[in-house]
Amino acid sequence: MENQLNFIFFGRSGSGKGTQAEFLKKYLEEKYGANSVLYVYTGAKLRELVDQKEFLTARLVDEKVMKAGAKAPDFLAVWAWGERLVKEMDEKKHLIVDGSPRTIMEAKMLDEAFLFYGRKKIFPLLIDVSREEAARRMKKRGRADDTDEQIKSRLAYYEEYVLPAVEYYGKESKNKLIRIDGNPLDRELIHQNILKAAGLKNK
């Protein structure tokens with residue numbers, strides 16, 4: 001599995017990291033084949049859980065995480081992406097992780113998973129936008145859960161929890177952080193910069 005590519009997408013809510021992860025998935029599938037990418041999105045897994053109202057955990061995630069715009073507990077975030085890896089990891093597939101890790105503990109566990117699976121080519125990508133720009137984009141997209149209170153909450157927990165995980169990849173992890181300027185409104189330009197950073201396009 002040394003030649004398979006592995007991407008971790010970081011960024012504030014509203015940074016466009018999800019869009020860029022989707023662009024990258026499409027690029028890799030066009031280049032390597034339709035079933036060549038395992039795309040792991042922690043948020044989607046937690047939303048699936050919320051729909052299972054018969055479980056206490058589902059009701060609590062809905063109340064304490066989704067409706068509050070708060071960070072999911074580490075154990076649930078690790079479960080969300082960990083279960084996908086356990087059930088779906090394939091030695092022939094490239095991997096994209098979107099929405100995790102959100103804490104240093106999660107980051108270290110993800111690094112441990114890469115080591116366990118023998119993954120070598122790992123690209124932690126920070127889609128870097130300012131707090132003000134992220135807030136502006138969330139307001140503009142007009143999602144039902146993008147209330148002023150929730151936007152403020154998401155931005156605050158990025159500073160408190162996610163930023164230390166980003167700094168972990170910048171300073172401690174052997175998988176070194178790659179900063180991508182996410183401020184330009186040209187999404188294709190950002191996509192091309194990601195490909196260049198990963199050595200998929202000439203600089």
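The text that follows walks through the structure, step by step, so that each part is easy to find. (Residues numbered from 1 in each chain as written. Predicted model: local features only at pLDDT ≥ 70, side-chain atom pairs only at ≥ 80, totals over all residues. Heavy atoms only, no water.)

1. Notes on the sheet that holds strand E5 (residues 178–181)
Sheet strands line up and pair through hydrogen bonds in the backbone, either parallel or antiparallel.
Turning to step 1, where the next piece is worked out: Read across the sheet, 5 strands follow the order E2-E3-E1-E4-E5 without closing on themselves; strand pairing throughout is parallel. Since the sheet does not close on itself, it has two edges, and those belong to strand E2 (37–41) and E5, each with one partner. Between one strand and the next, the sheet's axes are offset by a mean angle of 20°, whatever the strand orientation.
Turning to step 2, where the next piece is worked out: Along the sheet face, helix H5 (residues 104–116) touches strand E1 (5–10), strand E3 (94–98) and strand E4 (121–128) and points at about 175° away from the line of E1.
Turning to step 3, where the next piece is worked out: Set on the sheet, helix H7 (residues 148–171) makes contact with E1 and E4; between it and E1 the angle comes to about 145°. (Pairing = 2+ DSSP bridges. Helix = DSSP H or I, 4+ residues; strand = E, 2+ residues; numbered from the N terminus. Axes fitted to C-alpha atoms, helices over the stretch in contact; angles between N-to-C directions. Contact = heavy atoms within 4.5 Å.)

2. Regarding the nonpolar core
Turning to step 1, where the next piece is worked out: In terms of nonpolar packing, the biggest core is built from 25 residues, with Phe10, Leu85, Leu95 and Tyr169 touching the most fellow members.
Turning to step 2, where the next piece is worked out: For this core, the secondary structure elements donating two or more residues are E1, E2, helix H4 (74–88), E3, H5, E4 and H7.
Turning to step 3, where the next piece is worked out: Among the elements that make up this core, the one with the highest residue count is H7 (7 residues).
Turning to step 4, where the next piece is worked out: Discounting residues that sit within four places of it in the chain, Phe10 has contacts with Lys17, Pro101, Pro124, Leu125, Leu126, Ile127, Val162, Ala165, Val166, Tyr169 and Leu177.
Turning to step 5, where the next piece is worked out: In terms of nonpolar packing, the next biggest core, distinct from the first, is built from 20 residues, Phe9, Ala21, Leu125 and Leu195 among them. (Core = buried A, V, L, I, M, F, W, Y, C linked by side-chain atoms within 4.5 Å. Buried < 20%, exposed > 50% of the residue type's maximum accessible area, 1.4 Å probe, protein only.)

3. Concerning the packing of H4 against H5
A pair of packed helices is captured by two measures, namely the crossing angle of their axes and the spacing between those axes.
Turning to step 1, where the next piece is worked out: Two numbers describe how H4 lies on H5: the axes approach to 10 Å, and their chain directions differ by 20°. As judged from the angle between their axes, H4 and H5 are roughly parallel. Of the two elements, H4 crosses H5, and the hand of that crossing is right-handed. Contacts from Asp74, Ala77, Val78, Trp81 and Leu85 of H4 reach H5 at Met105, Glu106, Met109, Leu110 and Ala113. (Parallel < 35°, antiparallel > 145°, perpendicular 65-115°, else oblique. Left-handed = near helix turned anticlockwise from the far one by under 90°.)

4. What to know about the environment of Val97
Turning to step 1, where the next piece is worked out: As for its placement among the helices and strands, Val97 is situated in strand E3.
Turning to step 2, where the next piece is worked out: For the pair formed by Val97 and Trp81, sequence separation is 16 residues and the distance between their alpha carbons is 8.0 Å.
Turning to step 3, where the next piece is worked out: Each residue touching Val97, except ones within four places of it in the same chain, is listed here: Phe7, Ile8, Phe9, Val40 and Leu110.

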